[in-house]
Amino acid sequence: MTARTRLITWGAVVAVIGGAVVVLYFFQPWRRCDYEDTSAGCAMLPHDAAAMFVAAMVFVVGTTVVAAGLLTRRSRS
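Quick notes on the rules
Residues numbered from 1 in each chain as written. Predicted model: local features only at pLDDT ≥ 70, side-chain atom pairs only at ≥ 80, totals over all residues. Heavy atoms only, no water. Helix = DSSP H or I, 4+ residues; strand = E, 2+ residues; numbered from the N terminus. Rg over C-alpha atoms; globule rule 2.2 N^0.38 Å. Contact = heavy atoms within 4.5 Å. Areas by Shrake-Rupley, 256 points an atom, 1.4 Å probe, with all protein chains shown as cover. Lys, Arg positive; Asp, Glu negative; His and termini not counted. Charge placed at Lys NZ, Arg CZ, Asp CG, Glu CD. Disulfide = S-S within 2.5 Å.

Enquirer: Hey, could you go over the overall build of the protein chain for me, with residue numbers and the actual values?
Expert: A count of helical and extended segments in the protein chain gives two helices and zero strands. Against the 2.2 N^0.38 benchmark of 11 Å for 77 residues, the protein chain shows a C-alpha radius of gyration of 17 Å, more extended than a compact globule. C-alpha extents for the protein chain along the principal axes are approximately 65 × 15 × 15 Å. Sequence separation of at least 24 residues holds for 55% of the intrachain contacts in the protein chain that already meet a minimum separation of 6. Of the roughly 5800 Å² of accessible surface on the protein chain, 70% is carried by carbon and sulfur atoms. The centroid of the 7 positive side-chain charges in the protein chain is displaced by 37 Å from the centroid of its 4 negative side-chain charges.

In structure tokens form, the structure reads like this:
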């Protein structure tokens, strides 16, 4: 496995995990509130917002690593 393939693979894995966590925290299926009939309409707590921000940054890092892997030259061996 070349370094380019490892960059693309690990970057994609990290980006997918980060993106899944962002979507999970956006919809908040565990949240219940009296003033809204769907969980997505409930206000986000500060700790949830911090976790979503970290997951968004992990997604950005993952996509950056994938881009770096795609932009590296293939070896001639």
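Enquirer: Tell me about the state of the cysteines, residues and numbers included.
Expert: This structure, assessed with the given rule, holds one disulfide. Residue Cys-33 pairs covalently with Cys-42 via a disulfide, S to S 2.0 Å. Here the S-S torsion is close to -85 degrees, and the disulfide linking Cys-33 with Cys-42 is therefore left-handed.

Enquirer: Just give me the short version of unusual backbone geometry, but keep the residues and values in it.
Expert: At Gln-28, a residue that is not glycine, the phi angle is positive and equals roughly 45 degrees. Within the secondary structure, Gln-28 sits in the loop between α1 (3-27) and α2 (46-71).

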